Amino acid sequence: MLEIIENNASVTQRDLSEKTGLSLGMVNLLLKKFVKKGIVKLERLDGKSFRYILTPEGFKEKSKKTIDYIKRYYQKTLLIKQNIERIIRIYGRNRTYILFGKDREMKEIIEGILKELNVDYITENDINKIDKSKIILYWDIDNEEKMKDFNSKFLLGEIKEI
């Protein structure tokens, strides 16, 4: 919401609701909190219309959230790389690994790491098409139950069975 407000001072609560996927009531509640905390300033344009302005405190908060996101992203990337390197040490580089998961951002991170490590992989989104003799690298927790019948490794946590 802070980024949307920063980029468009004439944004309405309805616009914020549509762009964030939050309900109108939730947007209203959050804006009230932001105003109370001094992150956003309300400026009355006319009888019913307001303009939302990010305050210096709001810019600071937005920057802090961006930095926190980058830290989490970097930590996940390191964890994934360590897990992939451990898997390669055990199962070898001269094989094709199967990537399985829905989160596209994670998939891009994993593909980048595999390319950097010069490891072959294919992506498969249909569990029924996966050869049970292959090693599956997955990253979505909701896939954990599906992976029990396969030689699969969860890349965002401690690797079990190694």
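First, a word on what this report is: a plain description of the structure on this page. Fair warning: this is a prediction, and the values are worked out from it, not measured in the lab.

### A word on the packing of aromatic side chains
So, point 1. Evaluated as defined, the whole model comprises two aromatic pairs.
So, point 2. When the ring of Tyr138 is compared with that of Phe154, the centres are 5.3 Å apart and the planes differ by 45°; the resulting orientation is tilted. A residue pair is termed long-range when its members are at least 10 positions apart, and Tyr138 in strand β5 (residues 135-138) and Phe154 in strand β6 (residues 151-154) qualify at 16 residues.
So, point 3. Among the residues examined, Tyr138 registers a relative accessible area of 5% and is labelled buried.
So, point 4. Exposure remark for Phe154: the relative accessible area of 16% places this residue in the buried category.
So, point 5. It is Lys132 that lies over the ring of Phe150; its NZ or CZ is 5.2 Å from the centre.

### What about a nonpolar patch on the surface?
So, point 1. On the surface, Leu22, Met26 and Leu29 cluster together into a nonpolar patch covering about 230 Å² of accessible area.
So, point 2. Tracing the sequence through the fold places Leu22 in the loop between α2 (13-20) and α3 (24-37).

### Some points on the packing of helix α4 (residues 56-91) against helix α5 (residues 104-116)
So, point 1. Running from N to C, α4 and α5 point in directions that differ by 50°, and their axes come no closer than 10 Å. With respect to each other, α4 and α5 are oriented oblique. Every pair of crossing elements has a handedness; the one defined by α4 and α5 is right-handed. Facing α4, whose interface residues are Tyr69, Tyr73, Lys76, Thr77, Ile80, Lys81 and Ile84, α5 presents Glu105, Met106, Ile109, Ile110, Ile113, Leu114 and Glu116.
So, point 2. Classifying every residue of the contact of α4 with α5 by side-chain character gives nine nonpolar, one polar and four charged.

Analysis parameters
Residues numbered from 1 in each chain as written. Predicted model: local features only at pLDDT ≥ 70, side-chain atom pairs only at ≥ 80, totals over all residues. Heavy atoms only, no water. Phe/Tyr/Trp six-rings, centres within 6.5 Å; stacked < 30°, edge-to-face > 60°. Helix = DSSP H or I, 4+ residues; strand = E, 2+ residues; numbered from the N terminus. Buried < 20%, exposed > 50% of the residue type's maximum accessible area, 1.4 Å probe, protein only. Lys NZ or Arg CZ within 6 Å of the ring centre and 35° of its normal. Patch = residues over 30% accessible without salt bridge, like charges linked within 9 Å, V, L, I, M, F, W, Y side chains within 5 Å. Areas by Shrake-Rupley, 256 points an atom, 1.4 Å probe, with all protein chains shown as cover. Salt bridge = Lys/Arg side-chain N within 4 Å of Asp/Glu carboxyl O. Axes fitted to C-alpha atoms, helices over the stretch in contact; angles between N-to-C directions. Parallel < 35°, antiparallel > 145°, perpendicular 65-115°, else oblique. Left-handed = near helix turned anticlockwise from the far one by under 90°. Contact = heavy atoms within 4.5 Å. Nonpolar A, V, L, I, M, F, W, Y, C, P; charged D, E, K, R; others polar.

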